[in-house]
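This is what each chain is made of:
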Amino acid sequence: MKASREVRLKKYAKGSVSADNFEIAQVDLPDLADGEVLVRNIWMSVDPATRIRMADMSGFDSPIPAFTVGAPLDGGAIGEVVKSRSPDFDTGDTVQSWLGWREAFVAPGAALQKINAPGIPVQSLLGPAGVTGLTAYAGLKTALPKAGETIFVSSAAGAVGSIVCQLAKAGGLIVIGSAGGAEKCAYLREIGVDHAIDYKAEPDMLAALRRVAPEGIDIYFDNVAGAQLEAAIAAGRDNARIILCGSVSTVNDEAPSPGPRNLILMIGKQMRMEGVTVFHHFHEMPEFLQELQRLVAAGKMTWRETVFEGIESAPEALAALFDGSALGKALVKLGA
Ligand SMILES: NC(=O)c1ccc[n+]([C@@H]2O[C@H](COP(=O)([O-])OP(=O)(O)OC[C@H]3O[C@@H](n4cnc5c(N)ncnc54)[C@H](OP(=O)(O)O)[C@@H]3O)[C@@H](O)[C@H]2O)c1
């Protein structure tokens, strides 16, 4: 028997999350049955989707399931095998799982994926070299970008956004990125973004887009929805494409917010709007990793992390996605 701490949903979130929504509980892990593995987590991913799943979704046909009150949260994690009764895993193996938000766990070997990541920090498999990066790659590819086109990326200093910006730059696009605050905009310029817009200092996003791209935009990679989506529709050129990736600006709304009020503009401009879900693009991971490797080697791709320490910091790490204090990929480090 081994003790572990886990973060549970204490009550459904309505509006911004606070300490009241979480409970950190100590659990005794069971002895291993045949085929099972004991894993100690080292890193866990912090994602906006966790906040979405913390809401009471009854009556809402969500493609991702809500968490259960009283049960632990989950999410991407990387850990080390401490003990194994599975023929597929040995003590000391590094493994990836969907069992984050806990320090350690016992699971069947089928719930784990062995990883081997020579030359890159292992936690980047939860970010740029994992689902985050693939989301950026698949979303951008879906927009059918062409060199010379202009792309606007929101939450451009975020985990997905910063990778989209660099992939687009490498593809010869003109990149406009929005982020909150001067520090994040300076970071955007550092990674090659042509026009960084501080949406907090310049809240009229349409005016900002018209200032930096008077001819309009060809692609909008939407991480935030809300006002920035409306501005992108208004700034779209004929045949512009909008990739719906996320809606971080509306996730904390207490009731669903109305969609863009200017959708009608898309008709005349023959614009296209398309949702992208990374889970439908896992088969593209090998080609994405090859491209990532090529860009890293050419000095055209870098990334940043905001790291929180210890399981007790996980609720604060999630809140940091919404108060603007996280830059790049948000992670919690759970052990050495
Ligand atoms: N479709 C898929 O398969 C898929 C997969 C992964 C992620 N996603 C979505 O992709 C988006 C980006 O994910 P991520 O993991 O990279 O998160 P992220 O962009 O790093 O999210 C955190 C950032 O969102 C920004 N933000 C928070 N509130 C905002 C607001 N009201 N208005 C504008 N920006 C706000 C903040 O940056 P600022 O300081 O700049 O405001 C914050 O640092 C999210 O919407 C996520 O749900 C979708």
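Residues numbered from 1 in each chain as written. Predicted model: local features only at pLDDT ≥ 70, side-chain atom pairs only at ≥ 80, totals over all residues. Heavy atoms only, no water.

Labelled according to an unreviewed UniProt entry, the protein chain appears under the name NADP-dependent oxidoreductase, originating from Croceicoccus mobilis.

Engineer: Any chance you could explain the overall build of the protein chain here in plain terms?
Structural biologist: Looking only at helices and strands, one finds 9 helices and 15 strands in the protein chain. Across its three principal directions, the C-alpha atoms of the protein chain cover 65 × 45 × 35 Å. For the protein chain, the proportion of its 336 residues judged to be buried stands at 51%. Of the contacts made within the protein chain by residues no fewer than 6 positions apart, 67% connect residues no fewer than 24 positions apart. Only carbon and sulfur atoms are counted for the fraction: they give 53% of the accessible area of the protein chain, which is about 15400 Å². (Helix = DSSP H or I, 4+ residues; strand = E, 2+ residues; numbered from the N terminus. Buried < 20%, exposed > 50% of the residue type's maximum accessible area, 1.4 Å probe, protein only. Contact = heavy atoms within 4.5 Å. Areas by Shrake-Rupley, 256 points an atom, 1.4 Å probe, with all protein chains shown as cover.)

Engineer: Looking at this structure, how should I read unusual backbone geometry?
Structural biologist: Negative phi characterises most residues that are not glycine, and trans characterises most peptide bonds. Positive phi, normally seen in glycine, also occurs at A225, with a value near 60°. Counting through the fold element by element, A225 comes out in the loop between β11 (217–222) and α6 (226–235). For Q270, which is not glycine, the phi dihedral falls at a positive 50°. Positionally, Q270 belongs in the loop between α7 (265–268) and β13 (272–275). With relative accessibility at 60%, the residue Q270 sits in the exposed group.

Engineer: In this structure, what is going on with the pattern of salt bridges? I would like to understand it.
Structural biologist: Once their charged atoms are close, side chains differing in charge can pair, the charge on each being opposite to the other. Within the structure shown, the criterion is met by 19 salt bridges. In this structure, D47 and K329 form a salt bridge, with 3.0 Å as the shortest nitrogen-oxygen distance. Within this pair, whereas D47 is found in the loop between β3 (36–45) and α1 (48–53), its partner K329 is found in strand β15 (residues 329–333), the two being separated by 282 residues in sequence. Relative accessible area serves as the criterion here: at 4%, K329 is assigned to the buried category. (Salt bridge = Lys/Arg side-chain N within 4 Å of Asp/Glu carboxyl O.)

Engineer: Looking at this model, I keep getting lost on the domain arrangement of the protein chain. Mind explaining?
Structural biologist: Note on interface size: it is often stated as the accessible area lost on association of the parts. Taken domain by domain, the protein chain comprises domain 1 (2–126 + 304–333) and domain 2 (131–281 + 289–295). Summarising the inter-unit geometry, the C-alpha centres of domain 1 and domain 2 are found 28 Å apart. Tallying the contact residues gives 17 residues for domain 1 and 13 residues for domain 2. Summed over both partners, the interface of domain 1 with domain 2 comes to about 1300 Å²; 56% of that surface belongs to carbon and sulfur atoms. On the domain 1 side of the contact with domain 2, R304, F322 and L327 bury the most area, a combined 33% of that side's loss. The interface formed by domain 1 and domain 2 holds 1 salt bridge in total. Measuring nitrogen to oxygen at the nearest pair gives 3.4 Å for the salt bridge that ties E190 to R304. The interface formed by domain 1 and domain 2 holds 7 residue pairs in polar contact (both at pLDDT 80 or more) in total. Among the elements of the structure, α1 and α9 (314–323) are those that each provide at least two residues to the side of domain 1 that touches domain 2. The biggest single contributor to the side of domain 1 that touches domain 2 is α1, with 3 residues. Its residues assigned to classes, the side of domain 1 that touches domain 2 shows 8 nonpolar, 4 polar and 5 charged. (Domains from an automatic or database assignment. Buried area = accessible area lost by both parts, 1.4 Å probe. Polar contact = N/O pair within 3.5 Å; in protein donor to acceptor, adjacent residues only side chain to side chain. Nonpolar A, V, L, I, M, F, W, Y, C, P; charged D, E, K, R; others polar.)

Engineer: Can you help me understand helix α5 (residues 205–212) in this one?
Structural biologist: An α-helix turns once every 3.6 residues. As a result, residues three or four positions apart point the same way. Looking only at α5, the buried set comprises M205, A208, L209 and V212. Seen from one end, α5 has its buried residues packed into an arc of 100°, which puts them on one side. In this fold, the buried residues of α5 make contact with β8 (150–153), β9 (174–179), β10 (195–198) and α6. (Arc of directions from axis to C-beta.)

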